[in-house]
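Coordinate analysis (summary)
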Amino acid sequence: MTTNQKLLNWVSEMADMCEPDKIYWCNGSEEENHRFLNEMVEKGLAIELNPEKKPGCYLFRSDPSDVARVENRTFVASKNEEDAGPTNNWIDPIELKDKMKKLYKGCMKGRTMYVIPFSMGPIGSPASKIGVELTDSPYVVVNMRIMARMGKEVLDVLGDGEFVPCLHSIGAPLADGEKDSTWPCAPIEEKYISHFPEERTIWSYGSGYGGNALLGKKCFALRIASVQARDEGWLAEHMLILRITDPKGNKKYITGAFPSACGKTNLSMLIPTIPGWKIEAIGDDIAWMKFGEDGRLYAINPEAGFFGVAPGTSLKSNPNAMTTIGKNTIYTNVALTDDGDVWWEGIGYDAPNHLVDWQGNDWTPNDGRLASHPNARFTTPAAQCPVIAPEWEDPKGVPISAILIGGRRPHTVPLIHESFDWAHGVFMGSIMGSEITAASISNDIGKVRRDPFAMLPFCGYHMGDYLQHWLDIEKKTNSDKLPKIFYVNWFLKDENNKWLWPGYGDNSRVLKWVFERTSGEGDAVKTPIGYMPTLDAIDTDGLNISESDLKHLLSIDKDKWLKEVESIKEDYKKYGDKLPKELEKQIIALEKRLHD
Ligand code: OXD
Ligand code: MN
């Protein structure tokens, strides 16, 4: 097992508090995984899909109250409230621990406590970090096995070293003889997804779903890692990583920050519509970027799987994802067909005449209800992706040439613009925004919220300090070594509410310009908001797009941008005196350029 005394002490202390019937140390083996999956099928917690259609795949249905990340129950409990900042929920750490200890007391009665040692990043990479999750959910175990490297090998590498302790309970103890429900969890007001940044510790209680429960992902690889990154001089970001190859075989690596459900998974593995170009995935959600000896930023994907939104995933939107999820995949909250396959809205073909919906009820197309939940997910091994880049597990990471940022903005923001320099790029990152989506529970679905670098729900400290940290990165190297920053917006609409840009594989046309710009090529014009491609700089060969639509996509409306400036100033107020001085200068300079 392990001789790590800190780990042994912590496990026994947590077990004393949670009082599980048993403690089980996960070894991460194939055999163990099958055993857990079979047990869950036998207990009615999971359904094995038809092996002829979806070999090695399982379907889970969550409780209807436990279907997404719960941002209003997510806490950053730094010692000082000011360090959590205005965009995080804060509770004093001592008070929060007291509250949670009461909930944790005896919470695993009648259940097993699983010990999951896991590595975020390739095992043994200098860029990787180790965590240990304790959980009473076997669903979490089988998902963590896909999303992170987990088990015995991790313990071997850990030795007596440091790890991030991650305690998780679904918060549903079982009395003697009590029958379990299919998705036990605690009521919403008892759910706590808590981070203790100074202690580098995570305590999660009450939810079994996704980012609330698979603690390596959002809690560790973003919220805790962002604090580690600030202290250690690197970047832990909500970004995809892709490799792009031009027709001559030149390769570059690009990361992209987009809010949840804006198509990061699709972009990371898209099939270009321009001949001779190739895109391969390295990661679809999180990038850790550190300086290499050559002064460039190198990125690793700390994850080992994709936890993607199923609805909307189709052969049109993402054929590579459809292949990836054809086997060895865990589905949660999608609909079940009568022949043991899955179906969801936007899968690209009509629903059959009968389904069992995500809540386990009979469903027919006339019912007028959704068959799958909008935040239904697949958990699938990244290694199965047909276009996974060969170096996706390179312990050194890959050198980044460009950083994309973007969100869903139906108006105002053009298809693409490039920053003048790093500080201006950080300014662009600070003002990006998107519509609120179903990936988090919120009453504001449909409204735009500014979401700096798509990190609003995931930054473990004050967002103003986070933006200053981004600005400070520039001082650590020569500016010509830094990636160029580009703001993209695939989601522009015309006055009739029609998308102006075809998206999907045609996004490669925009990536081609990015590729060229990072090679000192690609025609651009200077505009008040940044460099923008000239009309003929975007390759539209074979694309059926009108000149007026293209002009709309590649131009800006100064009046709209002046309104945007006002709304940015309003938004910046929330940072108080933590608003970096540089960003104050940037907004004034933008306003001036718009008036010139
Ligand atoms: C995700 C999210 O699950 O951002 O990746 O919500
Ligand atoms: Mn995400």
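Residues numbered from 1 in each chain as written. Chains lettered and ligands numbered in written order. Predicted model: local features only at pLDDT ≥ 70, side-chain atom pairs only at ≥ 80, totals over all residues. Heavy atoms only, no water.

Glancing now at the overall build of the protein. The secondary structure content of the protein amounts to 16 helices and 30 strands. Its C-alpha radius of gyration of 24 Å places the protein within 12% of the 25 Å reference for a compact globule of 596 residues. Counting only C-alpha atoms, the protein reaches 75 × 55 × 45 Å along its principal axes. Among the 596 residues that make up the protein, the fraction classed as buried is 62%. Residue pairs in contact within the protein that sit at least 24 positions apart in sequence constitute 73% of those at least 6 positions apart. When the accessible surface of the protein is totalled, it reaches about 22900 Å², and 49% of it is carbon and sulfur. (Helix = DSSP H or I, 4+ residues; strand = E, 2+ residues; numbered from the N terminus. Rg over C-alpha atoms; globule rule 2.2 N^0.38 Å. Buried < 20%, exposed > 50% of the residue type's maximum accessible area, 1.4 Å probe, protein only. Contact = heavy atoms within 4.5 Å. Areas by Shrake-Rupley, 256 points an atom, 1.4 Å probe, with all protein chains shown as cover.)

Where helix 11 (residues 422-431) contacts helix 16 (residues 581-595), the two axes come as close as 10 Å, and the packing angle between them is 90°. Considering their axes alone, helix 11 and helix 16 lie roughly perpendicular with respect to each other. Of the residues in helix 16, those touching helix 11 at Ala423, His424, Val426, Phe427 and Ser430 are Glu582, Leu583, Gln586, Ile587, Leu590 and Arg593. Here the contact of helix 11 with helix 16 is built from residues that sort into six nonpolar, three polar and two charged. (Axes fitted to C-alpha atoms, helices over the stretch in contact; angles between N-to-C directions. Parallel < 35°, antiparallel > 145°, perpendicular 65-115°, else oblique. Nonpolar A, V, L, I, M, F, W, Y, C, P; charged D, E, K, R; others polar.)

For helix 16, spanning 15 residues, the distance from its first C-alpha to its last is 22 Å, which sits close to the expected 21 Å at 1.5 Å a residue. Looking only at helix 16, the buried set comprises Leu583, Gln586, Ile587, Leu590, Glu591 and Leu594. The arc that holds every buried residue of helix 16, seen down its axis, measures 130°, which confines them to one face. Facing away from the buried side of helix 16 by more than 90 degrees, the exposed set consists of Lys581, Lys585, Ile588, Lys592 and His595. (Expected span 1.5 Å × (residues − 1). Arc of directions from axis to C-beta.)

Around ligand 1 lies a shell of nine residues, among which Arg69, Lys218, Ser260, Asp285 and Arg377 are the nearest. In this structure, an oxygen atom belonging to ligand 1 sits 3.0 Å away from a side-chain N or O atom of Lys218. A distance of 2.5 Å separates an oxygen atom of ligand 1 from a polar side-chain atom of Ser260. Burial of ligand 1 by the protein amounts to 93% of the accessible area it has alone, namely 210 Å². (Near = heavy atom within 4 Å. Polar contact = N/O pair within 3.5 Å; in protein donor to acceptor, adjacent residues only side chain to side chain.)

Across the five residues of strand 23 (residues 377-381), five count as buried, placing the element largely inside the fold. Both faces of strand 23 are covered, namely the face carrying Arg377, Thr379 and Pro381 and the face carrying Phe378 and Thr380. The pairing of strand 17 (residues 305-309) with strand 23 spans five bridges and is antiparallel. Residue pairing across strands places Phe306 opposite Thr380, the latter belonging to strand 23. (Pairing = 2+ DSSP bridges.)

Okay, unusual backbone geometry next. Phi is mostly negative for residues that are not glycine, and the peptide bonds are mostly trans. Here Glu19, not a glycine, exhibits a phi torsion of approximately 55°, which is positive. Along the polypeptide, Glu19 turns up in the loop between helix 1 (5-18) and strand 1 (22-25).

The next point concerns the sheet that holds strand 21 (residues 355-356). Strand order in this open sheet of four strands is 20-19-21-22, and the pairing throughout is antiparallel. On the outer flanks of this sheet lie strand 20 (342-343) and strand 22 (362-363), each paired with one strand and no other.

Turning to the pairing of strand 10 (residues 201-205), a few remarks are in order. Across the five residues of strand 10, five count as buried, placing the element largely inside the fold. Side-chain alternation along strand 10 places Thr201, Trp203 and Tyr205 on one buried face and Ile202 and Ser204 on a second face that is also buried. Of the strand pairs in this sheet, strand 8 (residues 164-169) and strand 10 are connected by four bridges, and their pairing is parallel. Along strand 10, the bridge assignment pairs Ser169 with Tyr205. Of the pairings in the sheet, the one linking strand 9 (residues 192-196) to strand 10 comprises five bridges and is antiparallel in character. Among the inter-strand pairings, Phe196 is bridged to a residue of strand 10, identified as Thr201.

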